[in-house]
Amino acid sequence: MRTQVAIIGSGPSGLLLGQLLQNAGISNVIIERRSPDYVLSRIRAGVLEEGTVSLLHEAGVGKRMDHEGVVHTGVQIAFGGMSRRIDLGKYAEGKTVMVYGQTELTRDLMAARTAAASLTLYDVTDAAIHQPLTDHPYLTFSVNGIKERLDCDYIAGCDGFRGISRDAIPANIRHEYEKIYPFGWLGLLADTPPVSHEIVYGAHERGFSLCSMRSMTRSRYYVEVPLDAKVEDWSDDRFWDELKKRLPEPYSAEIITGPSLEKSIAGLRSFVVEPMQYGRLFLVGDAAHIVPPTGAKGLNLAASDVNYLYRILLKVYREGRIDLLEKYSPLCLDRIWKAERFSWWMTSMLHRMSDNYFDHRMQQAELDYFTGSEEGLRAIARNYVGLPYQDVG
Ligand code: FAD
Ligand code: DHB
């Protein structure tokens, strides 16, 4: 088999890149180690920046999102028994965010790929990257026990944090930066109306909480739990009781509970690898970086990497601008480190980081300062809606 761009992984990064390239007439094949149903069963992110939304429109997959997604012009931060609003429109030059689940976005991208008759090979095993430093890189893998070879011009490693692409960069060139947090998020999805029409991030002595949604009839809630917490120990009743204890009035009194559709625990991690390019191999999305979910940057960073790689490849194929290939990594990393900073800062400010009462008072003062001053509100709002993309040149 031969294609122009070989893509490893059919998460949001791989699918979005594939769709943009396909529309531009650049052939691509995606290989994915899981089944389509498995990929769609993962409940993950929910908040899209305007840059991500525009890119989805550009890829021609914005129709259902426009119809079913909910535009948010503000978010709430609850602490010290009250809630303060970050007016995104006012403090981020009219920008907003869109609440639309990663599962739905993935479903739309998969449907568009099927309609365009682009090839995705699911359930592949033993994927390996060969000769990324030459002009003739290729992948090998097995499907249904049959060994295949895919020759290509470029390889996009969109295979998430536990994929194979990152390790294809030799250890003496690769620099990894990591921070693991001593807690996780227990998430619950329920067919109940959300407690507020806006997302509420809550800081409390008992720990962090988050009230989000997928629609006006489906809620997504999270509570901070210790790293060794087990989902089996968290009945729905225990979850709802804990959430209520962490929220101020009126949310705690007004929350509508119901049976969970899904419940899972995710650990929190900050991670960045440098560089994100090795010859003709490019790392995209979670393959190259992880942020703790506070601030909703994971999926949006994946989209901004796709934006840069797509625009560079377009100029490479249309204008012969191979000089741009080496700009991919620095362009992405500039934005990634700023989003890493914001996610780390929001995590530190909103979670129970220590038992030290001084640290607790520092958090309170920080929350009060940032949600109570024009400059603080502006700093949160501008980062929350997403920093601008740069021109690739
Ligand atoms: P992924 O979505 O991980 O996709 C990678 C794909 O590659 C997968 O389908 C995988 O099966 C495939 N793959 C891996 N290895 C191979 C291989 N060897 N061969 C072929 N295919 C392979 N972000 C937020 O903003 N908010 C959230 O609330 C949030 N919650 C999250 C909860 C969890 C449990 C996790 C894991 C992530 C969460 N994220 C969240 C982050 C967000 O979901 C990711 O940033 C986003 O999915 C990144 O997309 P991606 O396509 O780069 O990687
Ligand atoms: C959601 C997840 C986040 O990480 C976040 O910051 C806001 C909302 C969500 O799943 O809806």
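Further up the page is the structure itself.
The sections below set out a description of the structure shown in this document. The residue numbers shown here count from 1 along each chain, following its written sequence. As a convention, the first chain written is A and the first ligand written is 1, with the rest following in written order. Per-residue local features of the predicted model are confined to residues with pLDDT of at least 70, and side-chain atom pairs are confined, for both listing and counting, to 80 or more; whole-chain, interface and lining totals are unaffected and use all residues. Hydrogen atoms and water are omitted, and side-chain values are computed over all heavy atoms in the structure.

1. Some remarks on the site of ligand 2
Quick note on the threshold: Residues are classed as near a molecule or strand on a simple rule: at least one heavy atom within 4 Å of it. Counted as a polar contact is a pair of N or O atoms within 3.5 Å, where, for protein atoms, one must be capable of donating a hydrogen and the other of accepting one, and residues adjacent in sequence contribute only when both atoms are in side chains. Per the convention used, a helix needs a DSSP run of H or I reaching at least four residues, while a strand needs a run of E reaching at least two, with both numbered from the N terminus.
As a matter of local geometry, ligand 2 sits amid 13 residues, with Tyr201, Ser212, Arg214, Tyr222 and Pro293 nearest to it. In this structure, an oxygen atom belonging to ligand 2 sits 2.6 Å away from a side-chain N or O atom of Ser212. Contact between ligand 2 and Gly295: an oxygen atom at 3.4 Å from a main-chain N or O atom of the residue. Counting only elements with at least two residues in the shell around ligand 2, the list comes to β15 (209-215) and β16 (218-226).

2. With respect to the side chain of Glu242
Note the following rule: Using a 1.4 Å probe on the protein chains alone, a residue whose accessible area is under 20% of its type maximum counts as buried, one over 50% counts as exposed, and one in between counts as partly exposed. Residue contacts are counted whenever heavy atoms from the two residues lie within 4.5 Å of one another.
Position of Glu242 among the secondary structure elements: in helix α7 (residues 236-246). What makes Glu242 buried here is its relative accessible area of 10%. Leaving out residues up to four positions away in the same chain, Glu242 has contacts with Arg206 and Trp234.

3. Considering the site of ligand 1
The condition is simple: In short, Shrake-Rupley with a 1.4 Å probe defines the accessible areas, and a residue's cover is counted only from the protein chains shown.
Around ligand 1, 28 residues are found, and the nearest of them are Ser13, Glu32, Arg42, Gln102 and Asp286. Between Glu32 and ligand 1, the recorded distance is 2.6 Å, taken from a side-chain N or O atom to an oxygen atom. Asp286 places a side-chain nitrogen or oxygen 2.7 Å from an oxygen atom of ligand 1. Expressed as a share of its isolated accessible area of 1000 Å², the protein-covered part of ligand 1 is 85%. Only α1 (12-23) and α9 (298-319) provide two or more residues apiece to the shell around ligand 1.

4. Quick look at the packing of α1 against helix α6 (residues 102-115)
To keep it simple, the criterion reads: Axes here mean lines fitted to C-alpha atoms, for a helix over just the part in contact, with angles spanning 0 to 180 degrees between N-to-C directions. Two helices that cross are described as forming a left-handed crossing if the nearer one is turned anticlockwise from the farther one by less than a right angle, and a right-handed crossing if clockwise. Under the convention adopted here, Pro, Cys and the residues Ala, Val, Leu, Ile, Met, Phe, Trp and Tyr are nonpolar, Asp, Glu, Lys and Arg are charged, and Gly plus all remaining residues are polar.
Taken N-terminus to C-terminus, the directions of α1 and α6 make an angle of 35 degrees; their axes are 10 Å apart at the nearest point. Relative to α6, the crossing made by α1 is left-handed. Contacts from Pro12, Leu15, Leu16, Gly18 and Gln19 of α1 reach α6 at Gln102, Leu105, Thr106, Leu109, Met110, Ala112 and Arg113. Residue composition of the contact of α1 with α6, by class: seven nonpolar, four polar and one charged.

Interpretation in functional terms is not warranted from these geometric data alone.
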